[in-house]
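Survey of secondary and tertiary structure
Listed below are the residues making up each chain.
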Amino acid sequence: MKMQAAPTTVEIRLVVNGAERRMSVEPNVTLLDALRDRLHLTGTKKGCDQGACGACTVLVNGRRVNACLTLAVMHDGDEIATIEGLGSVDNLHPLQAAFLKHDGYQCGYCTPGQIMSAAGLLREKRDLTRESVREQMSGNICRCGAYPNIVDAILDVAGANDKA
Amino acid sequence: MKPFAYARARNIEDAVGLLRDNPHAMCIAGGTTVVDLLKEGVFQPDLLVDVSRVAQDAIAVFDDRIEFGALARMNDVADHAQVAAAFPAVAQALAASASPQLRNMATIGGNLLQRTRCVYFRDLLTPCNKRVRGSGCSAIGGWNRQHAVLGTSDHCIAAHPSDLAVALVAFDAHVQIAGAGAARAVLLTDFYSEPGETPDVENTLAHDEVITGVVLPRSAAAGHSAYLKLRDRASFEFALVSVAAGLSIADGLIAHARIGLGGVATKPWRAYDAEGALIGQPANERTFKAAAEAALAGARGYGHNDFKIPLAQRAVERVLTSLVAPT
Amino acid sequence: MTLPLIGAPVDRVDGPAKVTGSATFTAEFLPEGLVYGEIVLSTVAKGTIKALNVRAAREAPGVLVVMTHENAPRVTGKPSEENENDPFLTLLQDDIVRFDRQPVAVVIAETLEQAKYAAILVTADYAPETAATDFDSAPVRMPDQFLGEDLQHTRGDPQRAFERAALQVKATYTTPVHHHNPMEAHATIAQWEGENLTVHDSTQFISGVRRRLAQVFRMSQDRVRVVCPFVGGGFGCKGTAWAHVALAAMAAKLAGRPVRIELSRAQMYGFVGFRPRTRQTISLGADRDGRVQAMMHDTLAQTAVHDDWIETSGLFSVGLYAVKNYRMSQRLAPLNTTRPTFTRAPGEATGSFALEQAMDELAYAAGIDPVELRMRNYAEKDPDNGKPFSSKSLRECYRTGAQRFGWNERTPQPRSMHRNGKLVGMGMATASYPAWRSDASAYMRMNADGTVLVQSGTQELGTGAYTVFTQLTAEILGISIERVTFQLGDTRFPRAPISAGSQTTAAVGNAVYLAAVKLRDRLRDRRDSGPIEVHANAEPADSEEDYSTHAYGAQFAQVEVDPDFGEVRLVKHTGVFGCGRVLNAKTARSQLIGGITWGIGMALMESTISDARIGRVMSANLVDYHVPVNADVPEIDVVLLEEVDKHVNPIGVKGIGEIGITGVAAAIANAVYHATGKRVRDLPITPERLLDIS
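Small disclaimer: the values here were computed from a predicted structure and weren't measured.

A word on the interface of chain C and chain A
Between chain C and chain A, the contact holds 56 residues from the first and 50 residues from the second. For the pair chain C and chain A, the summed buried surface comes to about 4,400 Å²; carbon and sulfur atoms form 55% of the total. The interface formed by chain C and chain A includes seven salt bridges. A salt bridge links Glu606 of chain C to Arg143 of chain A; the shortest N-O distance between them is 2.9 Å. Along the contact surface separating chain C from chain A lie 22 residue pairs in polar contact (both at pLDDT 80 or more). Elements supplying a minimum of two residues to the side of chain C that touches chain A: helix H1 (15-19), helix H3 (112-121), strand S14 (259-262) and helix H12 (585-604) of chain C.

Written out as structure tokens, the structure reads:
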């Protein structure tokens, strides 16, 4: 099968926060740029655009990934969960409430990625101690240095989950 | 990124066919290497062949071996109970790699094929024999703290960055390859090549071949093994130096030994001489020291990475010591 | 008078927006017709552009225009008073390349991908010249002053006092280039409507951006509006309007559409500033009781050939200890880089590393405990100008810190403490940062329904501005926080200073306080129930000049060092600070932890790598430049002492944004010495520096 010229766009269907979103994208559009610039879901952030900071963390089919290092066209039919779908100001997810309580942020730019990564972590059913949470959240850089508060917030929710 | 065409492979045959018909095509699986290097301009394919949905991700457990499909995700292998039990060094190497998000995305096959982190390879402006044969090596005489001390040549000193591959070469893994011709299996340590005069060639994979899986045989050494990774910060970082080692002891003497080195070599490194210095010897400090020296015999520093030689020796000693420490 | 809201650990009022992803950062605004600009950077550090090859880019899909020095709008502004070589004035105006990664073109296209692709098609032929890239061989200059501070400063006769001292410590300390790396890259959206320019910009200084744009385009400032409700981290690199801001405005003019420029992480190592390299020599002469009789702090700092900016390390030491004979000197090594810039505690962060490690060396030379040494050299009044301190809780910081940290468990002999096969070390240092403020204004309105709107043109970069000024207003007016809305980040609001120098809470806080008091008085006296509006302007009073005003603290660090590998990990840290009145205990603690985290990075891992052969940054990403990750940061114990300061400003506030980093690298280096017996005077402390300790 030979390719003549680069076809300009591919039709894809992403299920974003439960809602079907169809779009025509060029193959070189990352999932991150598709979310931010095509769907205008700007909650997911661009920090380094090369997988080194985790600011772009979303859940794809329930697993945390860096949206900057994958292409939108590769996710036809996939379920994408972003911060916008986790909770709202009037209906906060427990992680969001915990971040508020523990001041798990300062400038807020890495925060959606931190929270989505934490949401992914809680689904991974790992043994969560202070040390293991620090390690498991090391893919999310916070230049403001909210790390200890982020760990407190996650352990708060994980502990509540254990009791539930 | 330069625009490219995109095709989804439904199966291995599709993928191989697309590669065969398009000399400037490449595969993408997890994307963590490919998308990165597309953005840097180091990769400029005309066609990306998406193999991410090919059903090749099974982890199959047998009495004498475990097999991983090339598309198994790193975290799935790292978290697999039988992998951790039979090959602790492999599970530890995976868990110490990258970040949780990257481990969810990246595949076993892709990890083996990842490219060097050498800053000059990744920057189109600086001469690099690996990127453009014959253009020069900017790391020799430049900044080379991250570079190799083993397996180097005057043309290239770039280190191979994979943790997993270090553990796999240590324990005699084979990589399964499919292509236009017959399927073949290659001992992983033979799959990789040193740079020599052709640093642009890193392994024996032909353009129209794909890795379909890895076979890891059980062994006494693999079952009693560990992976040590030293780095500048506590997590989410490539190795300064890493060691995968396994030992089995009978009647106070070392019966089997395996050692792989990372961060220090141009390909995932099997330290055969070190193993030779261990077999039949008592498992003590003196033996481990001799093995460590043998492991780095012939190592050459390039200025900023000289420290890796003593550091790697000490790392070898430490891992071996930990394997015989009373629990 | 109790003020329950003041000091309370109130949750941030912008928290819900941040945790739901609904806080809008600069690149996320979407004016109609937005197009995307991608900057092309020079690939030489010095020279001239012989030719720019733009045809392929111009013909690429989606490209609207390619802007180069050949077609860019002319910059007609005049040089500023601060800088005759103002880089803005030469931006795409000529064919000269002055530094590595200088902008040489901007591609504007319909989509981000099209702009990025076309940008790689732009190539240039240069006539390169030899660039100054080597710190050690650059011709040195000696500046007199910087931002009003005297840089070649002597009191007493330090050389003689040093020579006659019973104990002498003289050592040289080095710090590398650091990059700020806020998580949000610089971004600007520029939009023209006729002759009016609206700019969304990620900045710590909206009115500074407005002023610079007006200057560049020779416009009246009231035709320029700058908007920035949230900054995703600044740390000093967003205090200056860099090239991309003007380029976005120029591109928008040329293209006739709003243009967004968002820098890539690699471009963040280009023309947007950095902390320059320093080499500092500290000479301490003391008597046998450790009382320092002579202190000399001589700094060589990197700067840019075309644009002076100075890392004033010596300013940390000039007034810190009771030393009669003191010298501070500053020399500069100019290189062909972009201008260095203010980086969290500029001068203090680097100066504290050198001085506080030298003090530790003196403690060992004298056989005196490091905390005790600080106490013996404690300054009761400013040693340089004789002024009394407006407040100073430093002794209490040392005592409380030592006690909480467990300093009395420390056996002073190096290599005397171990745990699980690791060497354990404990080190400490003094922290200090000046307290000052500039003029600020605020507008306040009480609506008919009793809700209150407050506006001031300040910035929120995670410092808690939205929250503390809301609390302050609510407290003074006796209403609940929910009834107050504080708005910032728009040049339409009353003028506030740059959010830098840890001054915002003091500057804007005093304006908000004045406005609230005014409003409260008007409320009390009013006859009708309509809305009430007040304006307030807060200026530093002359009486504040009668005092020496600083925040102080004590940093205590415990490290574990692998004796064979030299890997250093921080396992415990205590910081105790006296920062005047604290408006919010929760956000203040977070700021201090943030500063301490920066200190961990500075001590153990951060260093920008350049290849001096070509004058090019090679670590232009977040993989090769190491900032601390979560696993690097242990629990950090932070205490803010109750400190009442009646003189520093009416609300008694000192800043806390930067003091957290001061002293941390020294405390960690001192801990490493205690653990290993090896003095590491060069940052970062990476394993190769400690391979000879066993």
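Digging into the sheet that holds strand S16 (residues 292-304) of chain C
Residues and elements named next belong to chain C. Read across the sheet, five strands follow the order S9-S17-S16-S15-S10 without closing on themselves; strand pairing throughout is mixed. Each edge of the open sheet carries a strand with a single partner, namely strand S9 (153-155) and strand S10 (167-175). Ignoring strand direction, the axes of neighbouring strands in this sheet form an average angle of 10°. Relative to S16, strand S15 (residues 278-286) runs antiparallel, the two sharing nine bridges. Residue Gly285 lies in a different strand from S16, and its bridge partner there is Ala294. Each of S10, S15 and S16 is contacted by helix H7 (residues 348-366), which is oriented at about 150° to S10, the strand it contacts most.

As for the side chain of Asp14 of chain B
Residue and element names in this part refer to chain B. Relative to the helices and strands, Asp14 is located in helix H1 (residues 12-21). Given a relative accessible area of 12%, Asp14 falls into the buried group. Among the polar contacts made by the side chain of Asp14, one reaches the main-chain amide nitrogen of Arg10 at a distance of 2.8 Å. Not counting residues within four places of it along the chain, the set of residues in contact with Asp14 comprises Arg8 and Ala9.

Details of helix H10 (residues 465-477) of chain C
Taking 1.5 Å of rise per residue, the 13 residues of H10 of chain C would be expected to cover 18 Å, and the 18 Å separating its terminal C-alpha atoms lies within 8% of that figure. By the criterion of burial, H10 of chain C is predominantly enclosed, with 13 of the 13 residues buried.

Some details on empty space enclosed by the protein
Remark: the empty space left among the atoms is shown by a probe the size of a water molecule rolled over them. All names here are of chain C. Within the structure shown, the criterion is met by eight cavities of 30 Å³ or more. Space inside the largest cavity adds up to approximately 200 Å³. If you trace the largest cavity, you find 19 residues lining it, with Pro87, Phe88, Leu91, Phe99 and Ala243 closest to the centre. Taken together, the residues of the lining of the largest cavity break down into ten nonpolar, five polar and four charged.

Quick notes on helix H6 (residues 243-255) of chain C
All names here are of chain C. The terminal C-alpha atoms of H6 lie 18 Å apart, and with 13 residues this matches the ideal 18 Å at 1.5 Å per residue to within 8%. Extensive coverage of H6 is indicated by the burial of ten of its 13 residues. Within two residues after H6, Gly256 carries a phi angle of roughly 70°, on the positive side.

Observations concerning the interface of chain C and chain B
In this assembly, 30 residues from chain C lie in contact with 34 residues from chain B. When chain C packs against chain B, close to 2,700 Å² is buried across both sides, 59% of that on carbon and sulfur atoms. Our count for the chain C to chain B interface comes out at four salt bridges. Between Glu688 of chain C and Arg145 of chain B there is a salt bridge, and its shortest N-O distance comes to 2.6 Å. The interface formed by chain C and chain B holds 16 residue pairs in polar contact (both at pLDDT 80 or more) in total.

Here's the deal with the sheet that holds strand S2 (residues 47-53) of chain C
All names here are of chain C. Ordered in space as S4-S2-S6, the three strands form an open sheet in which the pairing is antiparallel. Of all strands in the sheet, those with a lone pairing partner are strand S4 (96-97) and strand S6 (123-128), marking the two edges. Relative to S6, S2 is paired through six bridges, and the arrangement is antiparallel. Across the sheet, Ala51 pairs through a bridge with Asp125, a residue of S6.

Quick word on the domain arrangement of chain C
Where the parts come together, the accessible area they lose is often given as the size of the interface. Residue and element names in this part refer to chain C. Here chain C is described as being made up of domain 1 (33-130 + 180-269), domain 2 (387-435 + 548-694) and domain 3 (438-539). Placing the centre of domain 1 and that of domain 2 at their C-alpha centroids yields a distance of 37 Å. Counting from both sides, the interface comprises ten residues of domain 1 and, opposite them, eleven residues of domain 2. A salt bridge links Asp100 to Arg616; the shortest N-O distance between them is 3.9 Å. Inspection of the domain 1/domain 2 interface yields three residue pairs in polar contact (both at pLDDT 80 or more). Class assignment for the residues of the side of domain 1 that touches domain 2 results in four nonpolar, three polar and three charged.

Thresholds, definitions, all that
- Residues numbered from 1 in each chain as written.
- Chains lettered and ligands numbered in written order.
- Predicted model: local features only at pLDDT ≥ 70, side-chain atom pairs only at ≥ 80, totals over all residues.
- Heavy atoms only, no water.
- Contact = heavy atoms within 4.5 Å.
- Buried area = accessible area lost by both parts, 1.4 Å probe.
- Salt bridge = Lys/Arg side-chain N within 4 Å of Asp/Glu carboxyl O.
- Polar contact = N/O pair within 3.5 Å; in protein donor to acceptor, adjacent residues only side chain to side chain.
- Helix = DSSP H or I, 4+ residues; strand = E, 2+ residues; numbered from the N terminus.
- Pairing = 2+ DSSP bridges.
- Axes fitted to C-alpha atoms, helices over the stretch in contact; angles between N-to-C directions.
- Buried < 20%, exposed > 50% of the residue type's maximum accessible area, 1.4 Å probe, protein only.
- Expected span 1.5 Å × (residues − 1).
- 1 Å grid on protein atoms, 1.4 Å probe; cavity = no way out; pocket = protein on both sides within 12 Å on 5 of 7 lines; lining within 4 Å.
- Points joined across faces, edges and corners; volume = space filled by probe spheres on them.
- Nonpolar A, V, L, I, M, F, W, Y, C, P; charged D, E, K, R; others polar.
- Domains from an automatic or database assignment.

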